[in-house]
Amino acid sequence: MILILLGPPGAGKGTQARLIMEKTGLVQLSTGDMLREAVAAATEQGQAAKAAMEAGALVSDDVVIAITAERIEKEDCRDGFILDGFPRTVAQAEALDRMLDEKGCRLDHVIEIRVDDEELVKRIAGRFVCTKCNENYHDPFKRPAIEGTCDKCGGTKFIRRNDDREETVRARLAAYNRETAPLLPYYQARGVLRSIDGMNPIGEVAKEIELLLAG
Ligand code: AMP
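Here is a short report on the structure shown in this document. (Residues numbered from 1 in each chain as written. Predicted model: local features only at pLDDT ≥ 70, side-chain atom pairs only at ≥ 80, totals over all residues. Heavy atoms only, no water.)

Quick notes on the site of the ligand
Then, in step 1: Near the ligand, the surroundings consist of 16 residues, among which Thr-31, Ala-57, Gly-85, Arg-88 and Gln-92 are the closest.
Then, in step 2: Taking Ala-57, its main chain carries an N or O atom lying 2.6 Å from an oxygen atom of the ligand.
Then, in step 3: In the model, a nitrogen atom of the ligand is placed 3.0 Å from a nitrogen or oxygen of the Val-59 main chain.
Then, in step 4: Protein chains bury 96% of the 480 Å² of accessible surface belonging to the ligand in isolation. (Near = heavy atom within 4 Å. Polar contact = N/O pair within 3.5 Å; in protein donor to acceptor, adjacent residues only side chain to side chain. Areas by Shrake-Rupley, 256 points an atom, 1.4 Å probe, with all protein chains shown as cover.)

Structural data, given as C-alpha cells:
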C-alpha cells in the first residue's frame, strides 16, 4: 500500500504515520527527518537544504525529489510506504507519479488531515522530540509518562526544533497554503483524496484513518 499523509505542519502527520507503521508494518518516509539527517551530516543535499529549512521555506524540488527517489528504492519499501511530508508541490507530485509508474506501483490513498491555523501554531510551539526515535512530545499536551524518558524507546535526550519557533511556523504555514494546498485539487481529480478532521484527539484521528484504509 502506498499512502500519502497531506496536511500543514503540526496537523499530526508524523504521529499518525508512526501509528499506521506500528499497525501495518509499512515504513514511514518523512522527508523532513531525511533532510534534518542530511543537514546534521553536512552532506551536499543537507547544505543545499539548510537555509530554506531554517527560514520555514520549502527546500528545492530537485533535492527533495532526489532523496525520495533514492529512499523508495530501498528494500523496506518493497511492500509500500507512508509518505509524510512529501509531495509538497505539484512538481513533486508529478515526479512521484513518474517514480511510481516506473516501479509499476500505484498510489492507494491520499489522506488530508485538516487543522485550523491558530491551533497549529499552539501545537507546534511547545513541541519536543526524542533524538533517538523521533517520537513527538508537547508541553503541556503530551509529556513522557516518566519525566525525561521517552515512552517509546527509553531515550533520554530530547530536542526542540529550531524551525518550531512561532515566526518560522507562520512562514511554514504560508508555504503550505501557497505551494502544498494546490495538491488537494490535484489528488481530488484522481479520486484518491480523503479529508479528515485533525482537530480531534490523536486516537480518534487514528481510528478514522484506520477505517479509511480498511474501506
Ligand atoms: P517537516 O518535518 O515535514 O515539517 O519538514 C521540515 C522542513 O523540511 C520543511 O519546513 C521544509 O523546509 C523541509 N521539507 C520537508 N519536506 C519537504 C518537501 N517535500 N519539499 C520541500 N521542503 C521540504
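Details of the sheet that holds strand E7 (residues 158-159)
Then, in step 1: The three strands lie next to each other as E6-E5-E7, forming an open sheet whose pairing is antiparallel. Lying at the two open borders of the sheet, with one neighbouring strand each, are strand E6 (136-138) and E7.
Then, in step 2: Note: strand E5 (residues 127-130) against E7, two bridges, orientation antiparallel. Bridge pairing links Val-129 to Ile-159 in E7. (Pairing = 2+ DSSP bridges. Helix = DSSP H or I, 4+ residues; strand = E, 2+ residues; numbered from the N terminus.)

Comments concerning unusual backbone geometry
Then, in step 1: Residue Phe-86 is joined to Pro-87 through a cis peptide bond whose omega torsion reads -5°.
Then, in step 2: With respect to the element layout, Pro-87 can be found in the loop between strand E3 (81-84) and helix H5 (90-103).
Then, in step 3: Omega for the peptide link from Asp-139 to Pro-140 comes to 15°, which places this bond in the cis form.
Then, in step 4: Position of Pro-140 among the secondary structure elements: in the loop between E6 and E7.
Then, in step 5: For Ala-42, which is not glycine, the phi dihedral falls at a positive 50°.
Then, in step 6: You can see Ala-42 is positioned in the loop between helix H2 (31-40) and helix H3 (44-55).
Then, in step 7: One non-glycine residue, Asn-134, lies in the positive phi region at around 70°.
Then, in step 8: If you trace the backbone, Asn-134 turns up in the loop between E5 and E6.

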